[in-house]
Amino acid sequence: MSSAVVDLPEEQHPDRVRLRFLQSGEDRAVKEARVLAGTTIFDAASWNGVAIDSTCGGHGTCKKCKVKVVSGNAPISPVDPRAFTVEELKNGWRLACRANTQEDLTIEVPTLQTRPKAALAGVGRHVILRPAVQKRYVELEEPTLDDQRSDLERLLDAMEDVEPRVPLEVMRTLGHVLRASDWKVTAVLADDVLVDVEEGDTSSSRHAIAFDLGTTTVVATLLDLETGLPKAVRSILNAQQPFGADVISRISAIMMEDDALERLQQHAHETLQQLTGEVCAEADVDPAEVYEIVVTGNQTMIQIALGIDPEPLSMAPFTVVTRSMPEATATDFGVAVHRRAPAVTFPALGAYVGPDIVAGILATGITLDRRVRLFIDVGTNSEIVLGSSAKTIATAAPAGPAFEAAQIRCGMRAADGAIEGVKIVDGEVELAVIGDVAPLGLCGSGLVDAVAELVGAEMLDHSGRFILDTSERFGKIGEENVFYLSDEVYLSQRDVRELQFAKASIATGWNLLCRDLDMEPEEIAQVLLGGSFGSYLSAASAVKIGLVPRLPLTRIVSAGNVAGEGAKIAALSVTERAAAKAVLDEVEYVELSGRADFNDLFVDQLAFPG
């Protein structure tokens, strides 16, 4: 099962490209996205909430994902001539799933002509649309002296295939609604609960919101449950930021301040509610037509949002309050949608392999695939999953804040002015800066690129020490050696050490999981890099510094926001939701902190590959 190792081309560089999507129709809606070069138009569109028709899951067989490149050039794939005429190809028509982005593009996306009964996740999973939220329009006969059935019996008799639980709140208004609507109503069901009875026929309007409640960034996707397609996607910074950039600092605040838990919970609720308002406004959807929310995130974020003390998560033996949360509502998360909308959450495998990773496992389909695949969610606490349908194991590796650039001298978030890509050609430094402005700092992907390029240019030895006589860009700040990327932004020797410790922790994690599965890293069929940072990480740079196994670059894939994708999948399919619950039985959690072989292997992984 092992594969030959392909030499990495030195010119490989993670150029970012900007995509501008024009959606056909009277409003000519525009959405822009920034992705790694090489990402397909189909994946970029899916990750950013742009609906493109498809039924094959992006495998190039259905030939429905037709888009028109109106600015820029997308090479013609071998499949395109089977889908388009010569004239259409000249005019820029391409299959989105086969069009790799190598430069900035403007793309026209045709309006969907049909109502597909399948939805596609950004990682290419084909999901059959079967949401928990259902609507039934019924026309009832009025009661008579000969037919004195109760109002509820009359309604339930018209829906013989369901036996829902009926909340008291629904009963309080049922009689009035039936009579005010001339006995023509729509029953709203969420799983086995009668959420509401609405006047008239509202069966064509039902929505859900999928949230990824991240430590740094929170993402909301408004889903049309009739089509399975996203109607709006928004993200903002988590309002908990003043309490610290990571979960440990927020738990520490809770331990030290009496009202910190309540304040952090309130900030989480404010963030979720702000996003709710934004996605509903963008799609012109009444929040009362959102009948369910799905929330994923790490275990600390979920517990705080629900007002559950996370202190036991921060100290040995690192216990969660529960692996599966009890039933909750949108109101419990501070989200003002339909007043009886349930909130769906994911289970947790452990304190640091939480609901977001279970959502990622669901989205990537690792437990369904016969191939052995490696999924890494790169961050301060990096979660690692390795396995296949035969066996899957998971662990967490404490990588520290290097990837978030929090402890890097010139570190900053991935915002305008952040260096996100670095290339060294014949000693000359080329920078990719977000916003195409003067560089102000260095974000995580730029840090990885810079170190990888310095190693490749032999300006940094394999122990991580600068080779000072190889470039005039080396200098000193105080007693510390630095490498100037620009006049104001530099990489320090300590920054390199921070990255070494981070990548060594992750590499130790996947190496130990390989040992537990009695396999060599070269046997891994695919590496999936997830999370907001992993999505922008260059595969070539990740291999150069030893963050991931040395595999052909085509086997290392940016998986996007897989936690958010898992949340969307759970909203769209009760079958997939059951599969998420089954992860607790299908995936084995491995704790690294108590292993005798961790320290020895960690020291071995500190060096950059030779």
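Source: prediction; values computed, not measured.

1. Section: the environment of Val 437
Structurally, Val 437 can be placed in the loop between strand E21 (428-433) and strand E22 (441-442). In this structure Val 437 touches Asp 416 and Gly 417, once residues within four positions along its chain are discounted.

2. A look at the sheet that holds strand E24 (residues 480-484)
Taking strand neighbours across the sheet as the criterion, the three strands line up as E23-E24-E25 in an open arrangement whose pairing is antiparallel. Looking at which strands have only one partner, the edges of the open sheet turn out to be strand E23 (474-477) and strand E25 (490-492). Neighbour-to-neighbour, the strand axes of this sheet turn through a mean angle of 40 degrees, independent of strand direction. Note that E23 and E24 share four bridges and pair antiparallel. Note on E24: the bridge partner recorded for Phe 474 is Phe 483. Where helix H11 (residues 493-516) meets the sheet, its contacts fall on E24 and E25, and the angle it forms with E25 comes to roughly 65 degrees.

3. Quick notes on the nonpolar core
Core analysis: the largest hydrophobic core is formed by 80 residues, its most contacted members being Ile 209, Phe 211, Ile 293 and Phe 346. Looking at which element gives the most residues to this core, the answer is helix H7 (residues 260-283), with nine residues.

4. Section: the side chain of His 269
For His 269, the location among the structural elements is in helix H7. Side-chain polar atoms of His 269 contact the backbone oxygen of Asp 332, separated by 3.2 Å. Look past the residues within four positions of His 269 in its chain and what remains in contact with it is Ala 305, Asp 332, Phe 333 and Gly 334.

5. With respect to the sheet that holds strand E5 (residues 105-109)
One open sheet holds the five strands; their spatial order is E2-E1-E5-E3-E4, and the pairing between them is mixed. Of all strands in the sheet, those bounded by a partner on one side alone are strand E2 (30-36) and strand E4 (93-95). Neighbour-to-neighbour, the strand axes of this sheet turn through a mean angle of 35 degrees, independent of strand direction. Note: strand E3 (residues 66-71) against E5, three bridges, orientation antiparallel. Residue pairing in the sheet places Val 69 in a bridge with Ile 107 of E5.

6. Some thoughts on unusual backbone geometry
Unlike most non-glycine residues, Asp 182 shows phi in positive territory, near 60 degrees. With relative accessibility at 47%, the residue Asp 182 sits in the partly exposed group. One non-glycine residue, Phe 318, adopts positive backbone phi at about 55 degrees. Within the element layout of this structure, Phe 318 appears in the loop between helix H8 (299-305) and strand E15 (328-329).

7. A few points about the pairing of strand E1 (residues 16-23)
Direction of pairing for E1 relative to E2: antiparallel, over a ladder of seven bridges. Across the sheet, Leu 19 pairs through a bridge with Ala 33, a residue of E2.

8. Some points on the side chain of Asn 511
Following the sequence through the fold, Asn 511 ends up in helix H11. Residues within four places of Asn 511 in sequence aside, it is in contact with Pro 521, Leu 601 and Gln 605.

9. Observations regarding helix H10 (residues 444-456)
Here H10 spans 18 Å end to end across 13 residues, near enough to the 18 Å set by a 1.5 Å rise per residue. Extensive coverage of H10 is indicated by the burial of twelve of its 13 residues. Within H10 the residues assigned to the buried category are Gly 444, Ser 445, Gly 446, Leu 447, Val 448, Asp 449, Ala 450, Val 451, Ala 452, Glu 453, Leu 454 and Val 455. Downstream of H10 by a residue or two, Glu 458 has a phi angle that is positive, lying close to 60 degrees.

10. Quick word on the pairing of E21
Of the strand pairs in this sheet, strand E20 (residues 418-425) and E21 are connected by six bridges, and their pairing is antiparallel. From the neighbouring strand, Val 425 faces E21, where its bridge partner is Glu 428. Where E20 folds back onto E21 in an antiparallel hairpin, the turn is made up of two residues, including Asp 426, whose phi is positive at roughly 50 degrees.

11. Comments concerning the packing of helix H9 (residues 355-364) against helix H14 (residues 562-572)
Running from N to C, H9 and H14 cross one another at 75 degrees; their axes reach a closest spacing of 7 Å. Judged on the interaxial angle alone, H14 and H9 are roughly perpendicular. Two secondary-structure elements touch here, H9 through Asp 356, Ala 359, Gly 360, Leu 362, Ala 363 and Thr 364 and H14 through Val 562, Ala 563, Glu 565, Gly 566, Ala 567, Ile 569 and Ala 570.

12. Points about the state of the cysteines
Counted according to the given criterion, the structure contains zero disulfides. Note on Cys 65: no disulfide assigned, nearest cysteine sulfur contributed by Cys 97 at a separation of 3.7 Å.

13. Concerning the pattern of salt bridges
According to the stated counting rule, one finds 31 salt bridges in the structure shown. A salt bridge links Arg 20 to Glu 32; the shortest N-O distance between them is 3.4 Å. Highlighted residues: Arg 20 in strand E1 and Glu 32 in strand E2, separated in sequence by twelve residues. Residue Arg 20 is classed as partly exposed on the basis of its relative accessible area of 35%. The exposure class of Glu 32 is exposed, given its relative accessible area of 55%. Between Glu 565 and Lys 568 there is a salt bridge, with the nearest N and O atoms lying 3.2 Å from each other. One end of the pair, Glu 565, and the other, Lys 568, are both in helix H14, three residues apart, so they sit about a helical turn from each other. Given the relative accessible area of 4%, Glu 565 is considered buried. Connected through salt bridges with shared partners, the residues Arg 16, Arg 34, Glu 420 and Asp 449 form a single ionic network.

14. Here's the deal with the environment of His 207
Mapped onto the elements of the fold, His 207 is located in strand E11 (residues 207-213). Judged by its relative accessible area of 3%, His 207 is buried. Each C-alpha atom, one on His 207 and one on Leu 223, is 5.6 Å from the other, the two residues being 16 residues apart in sequence. Once residues within four sequence positions are removed from consideration, His 207 is found in contact with Leu 222, Leu 223, Asp 224, Leu 225, Lys 231, Val 285, Glu 289, Val 290, Tyr 291 and Glu 292.

What counts, and at which threshold
In this convention, every chain numbers its residues from 1, walking through the sequence in written order. Where local features are concerned, this predicted model is filtered to residues with pLDDT of at least 70; where side-chain atom pairs are given and counted, the filter is 80 or more; whole-chain, interface and lining totals use all residues. Hydrogen atoms and water are omitted, and side-chain values are computed over all heavy atoms in the structure. For the purposes of this entry, the term helix denotes a DSSP run of H or I that reaches at least four residues, the term strand denotes a run of E that reaches at least two, and both are numbered from the N terminus. Contacts: residue pairs with any heavy atoms within 4.5 Å of one another. Here the rule is simple: two strands pair whenever DSSP picks up at least two bridges between them. Axis lines are fitted through C-alpha atoms, for helices just across the contact stretch, and the angle between N-to-C directions can take any value from 0 to 180 degrees. We define a nonpolar core as any set of buried Ala, Val, Leu, Ile, Met, Phe, Trp, Tyr and Cys residues linked to one another through side-chain atoms lying within 4.5 Å. We call a residue buried when its accessible area falls under 20% of the maximum for its residue type, exposed when it is over 50%, and partly exposed in between, using a 1.4 Å probe and counting protein chains only. For the purposes of these results, a polar contact is taken to be a pair of N or O atoms within 3.5 Å, where, inside protein, one atom must be able to donate a hydrogen and its partner to accept one; residues adjacent in sequence count only when each atom of the pair is a side-chain atom. What a helix is expected to span follows from its residue count: subtract one and scale by 1.5 Å. The cut-offs work like this: below 35 degrees is roughly parallel, past 145 is roughly antiparallel, 65 to 115 is roughly perpendicular, and the gaps in between are oblique. In this description, a disulfide is simply a cysteine sulfur pair whose atoms lie within 2.5 Å. Should a side-chain nitrogen of Lys or Arg be within 4 Å of a carboxyl oxygen of Asp or Glu, the pair is scored as a salt bridge.

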